[in-house]
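Fold and geometry: a report
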Amino acid sequence: MEIIKKQLFESLTKSSSNGFDKSFIELTTKQKYRVIKKGKEDELVKFSFIEFFQWLPTKDYTELFVALKDNKLAPLIEDDLLTPFDQATSGDIIDESAIKNHEQVILNSLKTFSGILKIINEFLSSIDKPIQSSKNQQPQQPQPQQQIPIELFEILKTLHEIILQFLNISEKIEQEKIYSKELSKKLSGIYSDLSNEISQCCEIWIRQKRSEFQELVPQTLSYLLTRSANSGVIADISRLNKVRHGLLTLEYTDPNARSFIDLLLNCFIHPQFIKTEEGKKFLIFLFSIRSILIEEIHQTVKGQLLHANKTTLNSYAEVYFKAWKVAQGAFLVKIEYYCLQNLMEVAIHCSNQKLSKNLNAFLHYFHNQKPYKEVDPMLYRLYEPILFRSLTVSHPQVRTNAARLFYDSFPLKKSNDDTQEEIDTELNRQFKLLKELFEDPSIQVRVVAIEGTFEVLSKFWELIPLSNSRSLLSKLINELAFDKSSNLIREQIFIGVKLLLDNSLSHSTLRVLLPNLRNLIHDQSERVRESFADLLLFIKGISTIRFFDIVPVEHLLERMILDYKNPRLSKKFTQLIVELYFPSDAKKWDLVNNCIQFFKSKKQASFSFYSNLVNFVPILSVAKFVCTLFNYLVKFSTQNIEINELPISLQINKENNEKEGEEQEEEEEEEVGISVEDFESILEIISLILNSLKPLFSKKEEFQKTKSSMLQIFNDDDITSIYVWLFSANIPRIEGMCKIIKIASQFSLENFPTLKELLLQNFQEIDSTTPDLLKETLLLSLFSWELPKQVLKIIIDSINLPFKKIFELNQQPTSPQYKKEKSSKRKRESNSKNKKKGGKKQQQDDEVEENEKDDEEEEISFEKICEKATISIVFLDMLFKNDQSRTQVLNEDEIFGEMISSFQSILPIITKRLEIECKIKLNDDDDDDDNEEEKEEKEKENQIINKEILLKINRNLLVTGFTIYTKILFHSEGLNETVNKDSGYFNDIFDFGKLLIQILQKFTKKQLINNKRKRKNLEKENGDQDVTDDENQNENEDDQDGSSSSSSYTGEQFVLKDGEKLFITEILECYLLVLSESIAFGLFSSDSCNQFYLEFSKILEIIKGFSLIGFNEIIPIVAKFSTQLMNHSLNGGDPRLQESSQKLLFQLFDNINSCPIIKKNINQNNNNNNNNHNKSLSFFKLSEYLLLFNQKGLLNVIIKSLIEQQIFKEFSKHLNLEPDFSEQLDLLENSEPLSPSCQFIIQTLSKSSPCINQIGNFLTSYVNTQSMNQKSIFYSLNLISIIINLNLNSRAIDLSPLTTILINFISQLPSFVSLNEDDEQLSIDNNNNNNNNNDDEEDEQLKQLKLSTTSKIKYSSLLSISNDLFGLCTNDREKEREKEKPKGKQLLKRKDKYDSKEKEKSVEIKTKSTKKSNKK
């Protein structure tokens, strides 16, 4: 030790220019002293500073720390050797060599500084740690603190001032980039370690509470708070916790302490402080520092409660509770009334549900601490002023929040020193509140009351008097359980009963009351039924109550039938009764008998039961059961070969033959008689069970043996024999055949080769008589058996067959010579047959009959081919509706391409068929200058298909073919991951659409010419034969334009059946749907959308005013296209499409108004329903168009356009703006006199409150911009009148915007009435003057201008109408509705009411006129 002392003191006395001493570094940082040996190298020996300082005499302490301070620490600080080079503060030019020298100096200086810290730290640790005594020695008495030289404290003060400085340097040195990257990183670590070592030295001083330790607190605690927050290490929080008493020495009112307070508040946000025990101790201590700090802590915690999770909420509550437990005096008052009561108030009055839930969870921690005796009085003290009165306030949300807290804190005790009488009085008051909350008008409050009451009963059942418990339960189960106002109330009853059943003492009472709830198993709410099923499942596990005593099994079975499509409920019902119909210890034939009895009594319930059986019974047991069922069916079918001889129903006979005296009992099959329908029911049960087993077999390999064993039972021969047996009935059992196909489809195709061939043969033989169920089952089953290529090949061949037949027939020669050869063949065949018969007449008759028979057979065979093709198209539609089969079809590239080409060949056939039915030709407009050879070639091209052959094709085949072709194109577009706009998939459809529009144009033009000719013929027949030469000439020109198309076609007239649409209408409808849906899917660009708009517009222009059968089906398609066009524009498309969409919509309105069929239907409805003036019209969903504008905030734009361009334009045709002086105004009470489109618009707008609000805004601005002239007011009043009368019986529509307009009219029109009267008198005076002065000439232009800007409508009449409408809208709806008249217009008679006023006004007018004449 002497050697160490000598070397240490020698190193302290040395001084160097660069602050580096090698021997000092060896002694301090390495803790090694040097042993000098003669003739050898010096040896470094390890030692311990703690042992050294415990050995060092006290008299040497002062010399040690004086030398350390003056010779080591002071030079480093005075020469600024501890801070890195700062280029910003240095004005000298720095080169690389200077930086390198500075790097070496600062590294050496930091090593020396680290040695200084090592000595101080080890010295303080040696004093803090007493010398260990041996085992034999007795423990020493605690000694007083050892005196430490003042120089050491001065050193610590100096170090304390640079803690945060070093910490800042360690954070910034890597950002300044003065040194190299490696050196900067190294220096950053060194400075961080040095600041930590300085803090450790100060911590020891503070922890030992040595003199003036408070001077070392600020920087040390700031460093520890920062380090703990950044690292989150529990050890750092523990270090902070050990020196927390230093916080009591600080002054928190100083403005400079704000940053330190923020560090303290940040601890309440840091997760490591909130979750760990050390962190919670520190947070609890912060509540005892200063009462002012508690307020800021509470505000910080409140800001975290909204988004805190359950664990964090419990941690906060624990901190608050433990701080409250240790608090006294002003701190206790602050925590109770500023913190806890504030949280209670917020929890009661907040409207945010999440915040309310979190606050309840926070306070729930306090409610659970009631075993601590001071908690109850505290809760009562804080809740009493706010909780009980909040239960009776008017706001339902406040009552709901207060009820939650009341039930969670129940019961509240005033004091622990209360007498039993006082306690009973308070409990009775709170029980009374429990019952009063059951009658609360708010549904949510009653739900909380039910939930809370059951919780209270479950917790305190043994403490609550039995009379109170029964009274509460009777109210809940017998009354609130049948509350019809809300499903939540009834659902909460079952949840609460389930909670109460956790207390076994309540079972005896509930056993009596619960059967009253049995009918609620049939509640209309699915959630109520599901909660009841959960309760029954819970009761099933209780031995004291039986669930079937509450709800009989018959009720459960009926519920299984009704809830068959609800998987959750059906599973729960199955779980309830699984032991009744599938006991685990039953024999296999007993299970079969149970199954037969089950489906005979409740068929649909048995299906639901066995489909969910695999969820509650071991898989092996289910597999054995289903194999037993199938074996039974196989034996039954072999024993009863003739299916037609089986009875409809049979009873079940049980014969149990058991062989006794053997070691293993063998079961014999029981003879059970069933009917064919029962046979099919068993097949359905087998199919359902196999379907439930299939996912398990595919996922788990352990069940593969079970599956292979089942395949031995479900073999090809047995399944095929059952299929053929069902087919052999007089009327084939289609349902049974479909079920056996489904059973086979649950396994692989390789197991059923015979059945596969049979099904493929049946699939090829399907016709129109085949039921749809068998069609779909065959198709999807074959697809599931990995036969898509074969099935698709059959479908495509069937589709192509009629068209191939057409081309074959068309290629046959049609010349007379061919017909003669054909007839001669028939003669020779008939002669050979009729040689034995005599007479020519008989021979000729036989020839005619044979020819007719051949023709009929050909037609019948072609019809069957077309029928087969139509069925195949339906098959394709089925495949594309199923997700799995659709994917398979689209992935078959070769067959898919063949399918597309097949449908492409239909388009020219449809075009030719349209030409024939419309009696036009598309090539009529060719130039007449063509050569004869070119004309012949064109004729050959156009006559590819013979007319007679084409007419044999079923129209339905062509329409369905065109429709499914478009669907295939849409699905093929959907294969792409990203949408490729204008991809070209639909080019064939668009080219066909151009031809379709041409055919439509020629067809309508020709029909108009024919109608015109018919009218003239009728006029001639009626005697009006004065037809001019010009008219005849025009008619001839029209015939040349339109009738030339029919010159090439001569044939029978097409006659439509009742309700049958034109072929062109059906095709047009399909084509327009393609255009509309393509925009909806976003498949085309804005340019293409604009082209589609032009086509729609052209079609509407062509059919305008034309009686086209099926036009009603086209209207919604056009409207939907307009909506999609607007949606495309508003979602990033071309803004010009908005205008196009609106134009198309208004064009559609014009077509509706001009359609003769629509007008005829409306007139017939009005004649048949004379008493119903407001009969609603529905052409399309205009509300969807309006909703789109409303979502984009543009509803006011479309409302303005509809009113100005449609409604007011129609008003100008029907309203008289120039009535005579004595004539009363006509006010429209309903929309019948208006056009159909206008009626439709007004009726749609009047059903929407947002639309009425926008109508009110528009009318207000419209009247103001028109300066409240008579026309604007009169139009507005008519629109308001129609809307009010349409909503007389409706309370859901808000008419307040319209009543506001009426109030404005009533308040402002009186001022216009007097002005109007002055104008009328002036006009009378001017007329008199004009009559007296005949020589004065009047300016016609001035007169016209005056007439255009003024109206003869009286403001007084408008005021009277406004008053009447206001009364009708507010108080007199019922009276006015009784006075309605059948006509669309009604005169509002007001003469009797205003006679006296009119006389007074006339007197005033005369007096004013005399005064004015006198002035003149």
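Remember, it's a predicted structure, so these values are computed and weren't measured experimentally.

With respect to the nonpolar core
Nonpolar side chains tend toward joint burial in soluble globular proteins. Formed by 397 residues in total, the largest nonpolar core has its most connected members in Phe113, Leu247, Phe714, Leu876 and Phe1180. No other element matches the 12 residues that helix H32 (residues 619–639) contributes to this core. Apart from residues lying up to four places away in sequence, Leu247 is in contact with Leu221, Tyr252, Phe260, Leu264, Phe282, Phe285, Leu286 and Ile289.

As for helix H11 (residues 258–266)
Listed in full, the buried residues belonging to H11 are Phe260, Ile261, Leu264 and Leu265. Projected onto a plane normal to the axis of H11, the buried residues spread over an arc of 140 degrees and lie on a single side. Packed against the buried residues of H11 are helix H9 (217–231), helix H13 (277–286) and helix H14 (291–305).

Considerations on the packing of aromatic side chains
Scanning the model with the defined rule gives 48 aromatic pairs in all. Between Phe273 and Phe282, the ring centres sit 6.0 Å apart and the planes meet at 50 degrees, which makes this aromatic pair tilted. Phe273 gets classed as buried once you look at its relative accessible area, which sits at 1%. Judged by its relative accessible area of 0%, Phe282 falls in the buried class.

As for the state of the cysteines
Scanning all chains against the criterion turns up 0 disulfides. Considering cysteine sulfurs only, Cys201 is the nearest to Cys202, which forms no disulfide, with 6.7 Å between them.

A closer look at helix H38 (residues 772–784)
Compared with the 18 Å implied by 1.5 Å per residue over 13 residues, the 18 Å span of H38 between its first and last C-alpha is a close match. Listed as buried for H38 are Leu774, Lys775, Thr777, Leu778, Leu779, Ser781, Leu782 and Phe783.

Considering the confidence of the model for the protein chain
Looking at the protein chain as a whole, the pLDDT averages 76, with 74% of positions reaching at least 70. Overall, residues 814–820 carries pLDDT values under 50, and its contacts beyond four positions in sequence, including any with other chains, amount to 4 contacts.

As for the environment of Pro441
For Pro441, the position within the fold is in the loop between helix H21 (420–438) and helix H22 (443–460). Judged by relative accessible area, which is 71%, Pro441 ranks as exposed. Spatially, the C-alpha atoms of Pro441 and Pro396 are 8.5 Å apart, while their sequence positions differ by 45 residues. For Pro441, the contacting residues outside a window of four places in its chain are Arg399 and Arg446.

Calculation notes
Residues numbered from 1 in each chain as written. Predicted model: local features only at pLDDT ≥ 70, side-chain atom pairs only at ≥ 80, totals over all residues. Heavy atoms only, no water. Core = buried A, V, L, I, M, F, W, Y, C linked by side-chain atoms within 4.5 Å. Buried < 20%, exposed > 50% of the residue type's maximum accessible area, 1.4 Å probe, protein only. Helix = DSSP H or I, 4+ residues; strand = E, 2+ residues; numbered from the N terminus. Contact = heavy atoms within 4.5 Å. Arc of directions from axis to C-beta. Phe/Tyr/Trp six-rings, centres within 6.5 Å; stacked < 30°, edge-to-face > 60°. Disulfide = S-S within 2.5 Å. Expected span 1.5 Å × (residues − 1). pLDDT = per-residue confidence, 0-100.

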